[in-house]
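# What the coordinates show
Single-letter residue listing:
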Amino acid sequence: MSAPSPVPLDNRAVARVLIEIAMLLELKGDNPFKIRAYRNGADIVANAAEAVAGLDEAGLRAWSGIGKDLAGRIREIALTGDCAVRQDLLKEFPATLLDVMRLQGVGPKTVAMLYRDLHIKSLEDLSEAAKAGRVRALKGMGAKKEELILRALEERQRHAGRHRLDQATEVAEALVAHLKQYAPAADVVTVGSVRRGAETSGDIDILATGAERSLTDAFVSFPGVERILGHGETKASILLRGGFQADLRLVLPEERGAALQYFTGSKAHNIALRDRALERGWKLNEYGLFDPQDQPIAGSTEEDIYQALGLAWIPPEMRENRGEIAAAADRVLPALVEPGDLRGDLHMHTTESDGRESLEAIVSAARERGLEYVAITDHTKSLAMTNGLDEDRTLAHAARIRALSRTLKGFTVLAGIECDILPDGSMDLADDCLAALDIVIASVHSALQQDEAEITARLIRAIEHPSVDIIGHPTSRMLLRREASKVRIEKVIDAAAANGVALEINSQPYRLDLSDSHARLARDRGVKLVISSDAHEIPALGFTRWGVLTARRAWLSKDDVLNTRPVAAFRKALRRQRAKRI
Ligand code: DGT
Ligand code: CA
Ligand code: CA
Ligand code: ZN
């Protein structure tokens with residue numbers, strides 16, 4: 001087998017390595033300016049529109065914030081997947097210490113001390129030491145800090161080994177590209193929870209059809225492999241740096257559909273499907289659908305398998321055993337919303353608050369993405385760290401937004417705001433100011449620890465405000481980082497239905513809030529949804545990809561999502577417009 005050069009890392013993968021270097025330098029207590037340079041560099045690389053792998057050193061240095069040394073490191077990482085600086089640092093500190101550093105509330109100085117004084121190298125070591133009461137004895141620690149560490153460890157345990165959809169997809173796409181270099185004629189696809197668009201994934205599953213067995217060798221030689229967990233003739237398993245596990249399976253063309261179906265899952269969907277086969281006296285597994293004499297009935301395509309079982313083909317996002325099999329049998333599966341259906345994006349920030357882009361820049365980027373309208377929704381004054389807007393600034397900003405909109409042909413910019421919902425449920429801006437805007441999102445950003453009754457009443461009060469059109473990220477969850485608030489979502493959904501307020505699917509991949517199941521409940525109770533990027537920089541406009549997947553997992557069709565409508569129809573559907581007509 002020929003050995004092509006490794007696929008260059010994409011920007012975000014490069015950024016991750018830079019952050020690791022910064023973390024290792026922090027452990028070492030190295031020069032803060034140098035550490036900052038790596039962190040800044042990671043930020044710049046992650047947000048750049050151009051792939052760093054395609055640039056030479058001079059090209060990289062043309063970017064502000066990237067000096068000569070950093071440019072060299074970035075190139076080395078982009079082309080080889082690693083760099084000597086990182087390798088040298090890892091001679092001083094085990095890589096598992098980075099996991100300890102990522103623990104909530106544990107800073108580099110503490111980690112360095114834990115390593116030096118207690119020889120703690122990993123989360124397991126830390127857990128043992130904290131449980132034995134050895135951590136409290138360290139200088140500046142005490143019983144209270146030890147307790148906080150134990151709680152953070154518990155929290156992490158609950159999310160152990162799972163990864164966000166965007167990160168899992170990125171790694172899966174890189175793996176598929178790597179394998180395709182070695183087997184250009186084979187069919188190589190991502191299956192498992194990533195294909196289903198699940199908000200987090202335990203591991204990555206790849207299926208290759210029509211490839212030589214040596215493809216497993218190429219798989220285990222993917223740059224960034226930390227450890228090979230298994231390496232057989234038709235199956236291999238690897239652990240990647242950053243904690244991802246990935247499985248590859250090779251199958252024959254006549255089994256492709258069955259394997260695709262089986263390894264896409266979910267397990268619950270597969271079990272329900274297999275029961276349906278059993279009812280007919282058939283057998284369904286990853287090799288095919290078979291009659292009692294073990295003669296194949298279907299196997300080469302997914303469609304054939306579903307059809308043989310009396311079902312319409314079910315989109316992967318719906319395969320969770322949440323009623324999709326009955327709907328497929330009755331031929332009433334919804335036509336799911338698609339990325340190309342989105343005409344508007346209703347949540348984005350500019351430099352007026354905490355966005356990185358000017359109004360003009362983000363609007364022109366949205367336009368280039370093929371959208372027909374956007375709403376500019378900066379933060380309000382109680383979020384002081386975002387430089388949130390008061391009434392005067394809101395109205396002046398709105399005037400600039402409308403002036404810009406008038407200069408554009410075939411594109412509309414709506415003057416909006418993401419108004420903070422204060423702890424008592426009142427709005428952060430005066431009523432007449434909110435009424436003067438084209439669109440208002442109301443969101444909770446503080447006092448997230450309120451009890452169920454309080455936070456639910458707070459959101460309902462916001463929904464009842466006559467100028468609120470949309471509730472932004474309704475539960476405030478941060479995937480794998482922060483639990484949702486205690487809000488009773490059914491009550492919020494019912495209030496939204498009663499008041500004609502739309503609920504947001506916030507597409508930031510660490511939010512995806514509403515979640516798939518909440519969005520489904522909202523749809524079932526007659527609430528309209530919007531899919532918004534909440535972009536604070538240009539590349540983040542692409543986050544709606546994740547929001548659309550979540551919407552599809554919620555069974556939403558185009559009609560359920562307001563920002564699939566042309567701008568005039570969209571505006572008519574907003575609560576403020578309907579309120580005026582009454
Ligand atoms: P994950 O990795 O936890 O995010 O979730 P999945 O769905 O990717 O699960 P994974 O990687 O364990 O397995 C991939 C697919 O293989 C899964 O979705 C369905 C299928 N599968 C795995 N184990 C079983 C099983 O015991 N029975 C059946 N029927 N299917 C299974
Ligand atoms: Ca998986
Ligand atoms: Ca797996
Ligand atoms: Zn927000």
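Reading guide: rules and limits
Residues numbered from 1 in each chain as written. Chains lettered and ligands numbered in written order. Predicted model: local features only at pLDDT ≥ 70, side-chain atom pairs only at ≥ 80, totals over all residues. Heavy atoms only, no water. Helix = DSSP H or I, 4+ residues; strand = E, 2+ residues; numbered from the N terminus. Rg over C-alpha atoms; globule rule 2.2 N^0.38 Å. Buried < 20%, exposed > 50% of the residue type's maximum accessible area, 1.4 Å probe, protein only. Contact = heavy atoms within 4.5 Å. Lys, Arg positive; Asp, Glu negative; His and termini not counted. Charge placed at Lys NZ, Arg CZ, Asp CG, Glu CD. Near = heavy atom within 4 Å. Polar contact = N/O pair within 3.5 Å; in protein donor to acceptor, adjacent residues only side chain to side chain. Nonpolar A, V, L, I, M, F, W, Y, C, P; charged D, E, K, R; others polar. Domains from an automatic or database assignment. Donors = N, O, S within 2.8 Å, 3.2 Å for Na, K, Ca; no water. Tetrahedral: all angles 85-135°; square planar, octahedral: opposite > 155°, others 65-115°. Core = buried A, V, L, I, M, F, W, Y, C linked by side-chain atoms within 4.5 Å. Pairing = 2+ DSSP bridges. Axes fitted to C-alpha atoms, helices over the stretch in contact; angles between N-to-C directions. Parallel < 35°, antiparallel > 145°, perpendicular 65-115°, else oblique. Left-handed = near helix turned anticlockwise from the far one by under 90°. Right-handed = clockwise from strand over helix to strand, strands pointing away. Expected span 1.5 Å × (residues − 1). Phe/Tyr/Trp six-rings, centres within 6.5 Å; stacked < 30°, edge-to-face > 60°. Lys NZ or Arg CZ within 6 Å of the ring centre and 35° of its normal. Salt bridge = Lys/Arg side-chain N within 4 Å of Asp/Glu carboxyl O.

### What to know about the overall build of the protein
- Tallying secondary structure elements over the protein gives 25 helices and 17 strands in all.
- Against the compact-globule benchmark of 25 Å for 582 residues, the protein has a radius of gyration of 26 Å, which places it among compact chains.
- Classification of the 582 residues of the protein by burial places 53% in the buried group.
- When contacts within the protein are restricted to residue pairs at least 6 apart in sequence, those whose partners lie at least 24 apart make up 66%.
- Within the protein, one finds 79 positive and 84 negative side-chain charges whose respective centroids are separated by 2 Å.

### Quick notes on the site of ligand 1
- For ligand 1, the set of nearby residues contains 15 residues, the closest of which are Ser193, Arg196, Gly202, Asp203 and Asp205.
- At 2.5 Å from an oxygen atom of ligand 1 is found a side-chain nitrogen or oxygen belonging to Ser193.
- Residue Tyr262 places a side-chain N or O atom 3.4 Å away from a nitrogen atom belonging to ligand 1.
- If you tally residues by element for the shell around ligand 1, the top one is helix 13 (residues 256-264), at three residues.
- A class-by-class count of the residues in the shell around ligand 1 yields two nonpolar, eight polar and five charged.
- Here the shell around ligand 1 gathers at least three residues from each of two domains, domain 2 (163-251) and domain 3 (256-329).

### Let's talk about the domain arrangement of the protein
- We note that the domain assignment places domain 1 (11-158), domain 2 (163-251), domain 3 (256-329) and domain 4 (339-581) within the protein.
- Computed over C-alpha atoms only, the centres of domain 1 and domain 3 are separated by 45 Å.

### Some words on the coordination of the calcium ion (ligand 2)
- For the calcium ion (ligand 2), every protein donor is listed as Asp203 (O), Asp203 (OD) and Asp205 (OD), and the spread of their distances is 2.2 to 2.7 Å.
- If you look at the calcium ion (ligand 2), its six donor atoms make angles of 70 to 166° with each other, and the shape they trace is irregular.
- Separating the calcium ion (ligand 2) from the calcium ion (ligand 3) is a distance of 3.8 Å, and Asp203 supplies a donor atom to each of them.
- With relative accessibility at 11%, the residue Asp205 sits in the buried group.

### Quick word on the nonpolar core
- If you look at the biggest cluster of nonpolar residues, it comprises 67 residues, and the most contacted ones within it are Val363, Val374, Ile376, Val413, Ile471 and Leu503.
- Discounting chain neighbours no more than four positions away, the residues touching Ile471 are Ile421, Ile441, Ala442, Leu459, Ala462, Ile463, Val501, Ala502, Leu503 and Glu504.
- With 51 residues, the next largest nonpolar core counts Leu25, Trp63, Ala129 and Leu153 among its residues.

### Quick word on the sheet that holds strand 8 (residues 283-285)
- The three strands lie next to each other as 8-9-10, forming an open sheet whose pairing is antiparallel. Edge positions in the sheet fall to strand 8 and strand 10 (296-298), since each has one partner strand and no second. Geometrically, the sheet is characterised by an average inter-axis angle of 35° between neighbouring strands, direction not taken into account.
- In this sheet, strand 9 (residues 288-290) lies alongside strand 8 in antiparallel orientation, the contact comprising three bridges. Within strand 9, the residue paired with Lys283 across the bridge is Phe290.

### Notes on the packing of helix 1 (residues 11-28) against helix 2 (residues 32-47)
- At their nearest, the axes of helix 1 and helix 2 sit 8 Å apart, and the two run at 165° to each other. Compared by their axis directions, helix 1 and helix 2 come out roughly antiparallel. Seen along the crossing, helix 1 lies across helix 2 with a hand that is left-handed. Contact residues: helix 1 offers Asn11, Arg12, Val14, Ala15, Leu18, Ile19, Ile21, Ala22, Met23, Leu25 and Glu26, while helix 2 offers Lys34, Ile35, Tyr38, Arg39, Gly41, Ala42, Val45 and Ala46.
- By residue class, the composition of the contact of helix 1 with helix 2 is 13 nonpolar, two polar and four charged.

### Some remarks on the pairing of strand 17 (residues 529-532)
- Side chains Leu529 and Ile531 of strand 17 all project onto a buried face; the interleaved residues Val530 and Ser532 project onto the opposite face, where all are buried too.
- Where strand 16 (residues 502-506) lies against strand 17, four bridges are found, and the strand directions are parallel. Across the sheet, Asn506 pairs through a bridge with Ser532, a residue of strand 17.
- Of the crossover connections in this fold, the one passing from strand 16 over helix 22 (residues 516-524) to the parallel strand 17 is right-handed.

### Overview of the pairing of strand 4 (residues 204-209)
- Among the six residues of strand 4, six are classified as buried, and the element is accordingly described as predominantly covered.
- What you see with strand 4 is no split at all: Ile204, Ile206 and Ala208 on one side and Asp205, Leu207 and Thr209 on the other are buried throughout.
- Relative to strand 4, strand 2 (residues 187-191) runs antiparallel, the two sharing five bridges. Looking across to strand 4, one finds that Thr190 is bridged to Ile206.
- Across six bridges, strand 4 lies against strand 7 (residues 245-251) in parallel orientation. Note on strand 7: the bridge partner recorded for Ile204 is Ala246.

### Things to note about helix 14 (residues 267-279)
- An ideal rise of 1.5 Å per residue puts 18 Å on 13 residues; helix 14 measures up with 18 Å between its terminal C-alpha atoms.
- Looking at the buried residues of helix 14, the elements they touch are helix 13, strand 8, strand 9, helix 15 (302-308) and helix 16 (324-329).
- Looking one or two residues beyond helix 14, the residue adopting positive phi is Gly281, at roughly 75°.

### Focus on the packing of aromatic side chains
- According to the stated counting rule, one finds three aromatic pairs in the structure shown.
- Taking 5.8 Å as the distance between ring centres and 55° as the angle between the ring planes, the aromatic pair formed by Phe93 and Tyr115 counts as tilted. With Phe93 in the loop between helix 5 (84-92) and helix 6 (96-101) and Tyr115 in helix 7 (residues 108-118), this residue pair connects regions lying 22 residues apart in the sequence.
- Here Arg520 stacks its cationic end above the ring of Trp555, 3.8 Å away from the centre of that ring.

### Overview of the sheet that holds strand 16
- Pairing is parallel across the open sheet formed by seven strands, whose spatial order is 11-12-13-14-15-16-17. Two strands close off the open sheet at either side, each with one partner strand: strand 11 (344-345) and strand 17.
- Relative to strand 14 (residues 439-443), strand 13 (residues 412-420) is paired through five bridges, and the arrangement is parallel. Across the sheet, the residue bridging to Asp420 is Ser443, located in strand 14.

### Section: the pattern of salt bridges
- All chains considered together, the criterion is met by 44 salt bridges.
- In this structure, the salt-bridge partner of Arg553 is Glu320, at a minimum N-O distance of 2.9 Å. Highlighted residues: Arg553 in helix 23 (residues 544-553) and Glu320 in the loop between helix 15 and helix 16, separated in sequence by 233 residues. With respect to class, Arg553 is no different from Glu320; both count as buried.
- A salt bridge links Arg488 to Glu490, with the shortest nitrogen-to-oxygen separation between them at 3.5 Å.

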